[in-house]
Number of protein chains: 2
Amino acid sequence: MTLEFDCPAPSGRHEHIILGHGSGGKLGADLVARMFLSVFGNAAEDAAACAGAGRLAFTTDAFVVRPIFFPGGDIGRLAIAGTVNDLAVSGALPRYVSAAFILEEGLAMADLERIVASMRATCEEAGVVLVAGDTKVVDRGKGDRVFITTSGIGFLPQGRALSISAAQPGDRVLVSGTLGDHGIAILSQREGLEFDTALTSDVQPLADLAQAILQTCSSVRCMRDPTRGGLAGVLHDLATASRVGVRLHEQAVPLAPAVRAACELLGLDPLHVASEGRLVAVAPADEAEGLLAAMRRHPRGRESAIVGEVVADHAGTVVLRSRIGGERVVRPLAGEQLPRIC
Amino acid sequence: MTLEFDCPAPSGRHEHIILGHGSGGKLGADLVARMFLSVFGNAAEDAAACAGAGRLAFTTDAFVVRPIFFPGGDIGRLAIAGTVNDLAVSGALPRYVSAAFILEEGLAMADLERIVASMRATCEEAGVVLVAGDTKVVDRGKGDRVFITTSGIGFLPQGRALSISAAQPGDRVLVSGTLGDHGIAILSQREGLEFDTALTSDVQPLADLAQAILQTCSSVRCMRDPTRGGLAGVLHDLATASRVGVRLHEQAVPLAPAVRAACELLGLDPLHVASEGRLVAVAPADEAEGLLAAMRRHPRGRESAIVGEVVADHAGTVVLRSRIGGERVVRPLAGEQLPRIC
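Read on for a plain summary of the structure. Since the model is a prediction, treat every value here as computed from it, not as a measurement. (Residues numbered from 1 in each chain as written. Chains lettered and ligands numbered in written order. Predicted model: local features only at pLDDT ≥ 70, side-chain atom pairs only at ≥ 80, totals over all residues. Heavy atoms only, no water.)

Across its full length, chain A holds eight helices and 14 strands. A buried classification covers 63% of the 342 residues belonging to chain A. Here the contacts in chain A between residues at least 6 apart in sequence split such that 84% fall between residues at least 24 apart. Carbon and sulfur atoms provide 50% of the accessible area of chain A, an area that totals close to 12,300 Å². (Helix = DSSP H or I, 4+ residues; strand = E, 2+ residues; numbered from the N terminus. Buried < 20%, exposed > 50% of the residue type's maximum accessible area, 1.4 Å probe, protein only. Contact = heavy atoms within 4.5 Å. Areas by Shrake-Rupley, 256 points an atom, 1.4 Å probe, with all protein chains shown as cover.)

All names here are of chain B. One way to put it is that helix α4 (residues 181-191) packs onto helix α7 (residues 257-266) with a least axis distance of 10 Å and a crossing angle of 60°. Classified by the angle between their axes, α4 and α7 sit oblique to one another. Where α4 crosses over α7, the two elements pack in a sense that is left-handed. The residues of α7 that touch α4, namely those facing Asp181, Ile184 and Leu187, are Ala258, Val259, Ala262, Cys263 and Leu266. In terms of residue class, the contact of α4 with α7 is built from seven nonpolar, no polar and one charged. (Axes fitted to C-alpha atoms, helices over the stretch in contact; angles between N-to-C directions. Parallel < 35°, antiparallel > 145°, perpendicular 65-115°, else oblique. Left-handed = near helix turned anticlockwise from the far one by under 90°. Nonpolar A, V, L, I, M, F, W, Y, C, P; charged D, E, K, R; others polar.)

Next up on the list: the sheet that holds strand β12 (residues 305-311) of chain B. Residues and elements named next belong to chain B. An order of β9-β11-β8-β12-β10-β13-β14 is seen for the seven strands of this open sheet, with the pairing classed as mixed. Of all the strands in the sheet, the pair left with one neighbour each is β9 (222-224) and β14 (327-330). Each adjacent strand pair in this sheet contributes to an overall mean axis angle of 25°, direction not counted. On top of the sheet, helix α6 (residues 230-242) reaches β8 (172-175), β9, β10 (245-249), β11 (280-283), β12, β13 (318-321) and β14; it is set at about 150° to β10, its chief contact. Together, β8, β11 and β12 form the strand contacts of helix α8 (residues 285-297), whose direction differs from that of β8 by roughly 10°. (Pairing = 2+ DSSP bridges.)

The next point concerns the pattern of salt bridges. Evaluation of the coordinates by the stated rule reveals 28 salt bridges over all chains. Where B:Asp134 meets B:Lys136, a salt bridge forms, and the shortest distance between an N and an O atom there is 2.7 Å. With respect to burial, B:Asp134 and B:Lys136 carry one shared label: buried. Taken together, the salt bridges that share partners define one network made up of A:Asp61, A:Arg228, B:Asp134 and B:Lys136. (Salt bridge = Lys/Arg side-chain N within 4 Å of Asp/Glu carboxyl O.)

Here we take up the pairing of strand β5 (residues 93-104) of chain A. Residue and element names in this part refer to chain A. When you tally the buried positions in β5, you get ten out of twelve residues, the bulk of the element. Two elements, β5 and strand β7 (residues 146-155), share ten bridges in a ladder whose sense is antiparallel. When the sheet's bridge partners are listed, Ala99 is paired in β7 with Thr150. Crossover connection from β5 via helix α3 (residues 109-126) to parallel strand β6 (residues 129-138): handedness right-handed. (Right-handed = clockwise from strand over helix to strand, strands pointing away.)

What follows covers helix α6 (residues 230-242) of chain A. Between its first and last C-alpha atoms α6(A) spans 18 Å; for 13 residues at 1.5 Å apiece the expected length is 18 Å, and the two agree. In the segment just after α6(A), A:Arg243 is the residue with positive phi, at about 55°. (Expected span 1.5 Å × (residues − 1).)

We now examine the environment of A:Asp171. Residue and element names in this part refer to chain A. Note that Asp171 resides in the loop between β7 and β8 (172-175). Residues Asp171 and Arg221 lie 50 residues apart in sequence; the distance between their C-alpha atoms is 8.6 Å. Sequence-distant contacts of Asp171, that is, excluding residues within four places in its chain, are made with Ala166, Arg221, Val282, Ala283, Pro284, Ala285, Gly308, Glu309 and Val310. At 2.7 Å, the side chain of Asp171 and the backbone nitrogen of Gln168 are in polar contact. Within the structure, the side chain of Asp171 is placed 2.9 Å from the side chain of Arg221, a separation counted as a polar contact. (Polar contact = N/O pair within 3.5 Å; in protein donor to acceptor, adjacent residues only side chain to side chain.)

In C-alpha cells:
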C-alpha cells in the first residue's frame, strides 16, 4: 500500500461542507475521493483487508442518526450492526468492536443506558465482543445528544477475496429482504407520518447470514449492505468497478407495503432508500437458485429475492425494467436524499 | 472474556451528562465504570489486547478538541498521535489506523484539507497506515466544525504484558519530557493568553520512543500517556491498580516556563494538565538510570526525567514532595479541568 505525497487539489465547486457530502451518493463519493483517497491512497472498500499476522478486516463508521430511538432500533443497535455488517459482507468473520461516544452535555443518563444496553444485546446477537471504548463530552449546542463511532476487526479466511470488481455478465443479483425499511422508518418517525401497516427499521447484524451465504456458495462474487444510497448505490458501484451493466426487475424487488406507500407519497425512489439489515449478493447464474433457497431458509433472509442480473451491455449503468416492460436508467444520488439516516 | 448480563443500575447522582463526564477524572471514570464496563465487562486498559490470530492490540478515541487548529498541531495530528500512542504505550507496534469524521455543515473545505494533510503526515511520522474511513455530515448547529474518531490496530509480541497493575515498591517513575504543554497551549489559544516564551502543544506520535524504551528495558512495568487527567491521573490509576503508593518530587517534574507561569496565573495544577506527546514509564530501580539515558538520547525524549518512585506506604495514593520538603496528597480530578482539550 503506498501513500500519495501530493496535496489534494482544492475543490473548485464546494468551499464548504453541505449536508449532501454526508450522503452515499455522488457528493459523498466525491468528497471521499478528493479529500481522503487522494491523500491516503487506499482502496475504497468499506472493510479494508490488512496484511499482517493472519488476514484482518478492519472497518469504521460514524453514526449520527436522528432521532436516536426509532421504530425497530436505536443508534446503539445501528452502530454495532453497521460495523458488523461492513465486516460480514467483506467475507470476514466479525470478532471485535470498539465504540467511541461523543455525548452532548445534557443527554439523559437513562437514554445513554438504554443505548448501551442495546449495543450489548446487538453484540451478543452478532457474536462480537466490544473490547475498547472512549467517551467525550461536548458543550450543549455543539453536538446532538449522542454520536457513536464503531470500528470492527474480523478475520478473513485465506483465499477469500470477495470484490465489487468481480461481477461477470450473467451473474444474478440477490437481496436478503425488503428494501428501504430503515430509511422510511426513520423518516416517518421524524416527520410524524403514519401508515396503515406498521413499519419498523430492518436494522440487524448479518454476520450469520453472510456466513451461511459463503458456506452455500463459495463462488459468490461479492456482498454489500445497501445502506446510504440504497440498492441503487451498491449496484452503481458494482457496475462501475466491474465494468458491467446491471438490469433490475421492478416487480422482483421486495418492498414492504408501507415503504411502497411512503415512497409514492413522498416521491422517493425506494432503490435509493437505506436498509441497515439487508445485504446484496452477486452470484454466478447457475448457483443463484440454490443460494436463494439457502438465504430463504435463514431467519434473516426469509424474504430474499433475485432482483436482477449482470449484463455485458451499458457498462457502468444500472437499468430498471418496469412492470410494464419499459426500461429506465437508475442513477446514483448526487446528494443526500434523507440526511442523518445512519 | 465474559459479558455481564445485568443492566447497569441507574445513576443516583447524575441524570444528565455534564461536561465533567468527558474528563480524565473521577466523573469520567465513574461514567465508564457504571455505564460501559458494567455492561460490557471488559478491562479498562486503553488498548485492549484481542485474542485471536496473533496478538492484536485495538484501541479507539474520539477527538473533539476546540479550537481545531492550535499552536503546534491540529485535531488531525492529535487524532492520529492519540491512537498511535495508546497502542504504543501498551507495548504494541502500531500498524493500522482508521478515521471517522463527523463534519458540521458549513465547515470550510480548506480546513478539512489541512486537517487531512496533517493526518497523513502524522501517519508517516508514526509508521502507520490509514486503511479505513467514514464521513458523516450533521446540520449546522448540531456539531462543532469537525470531530474525528480514530481507531488503531497494533501487534503485540508474544510474552509482552505491560500492566498498570505490575508496579512494585522501589520502581522509578519516568516521564519523557515537559508536562502539560498541550493543555496550556490549547487553553492559551482559547483564552487569548500570551506568555513571554513561545508555547506549543507537545502533540506527537511516540511509537518509536516506546519501542526504544522496550528495547532498552524489557522489564519496564508499564507505560502510559498522560493525556486527560495528566500525570496525576496516570499515577493515581497506577497506585490503585498496583496497590502501591507513589511519591513524586516537585523539583524533578519537567515543566516549560510558560506552563509553569500559566498554571500559577490560572491556579491550575500542572500535574493534572494534559500532554499529548509524552509518556510515563515505570521501571525497576536498578534499570531506571540506564533507561533515562536511553530516553534522553531519543529525539522525542530529550527532556526525560525520573520524577518519583513507587513506595509500599499509602497504597492507592500519590503524594508530592515539594521543593521545601513538605508533602501533599495529589488527588485525581473529580471533573473536567479543561473541557475539550483533546
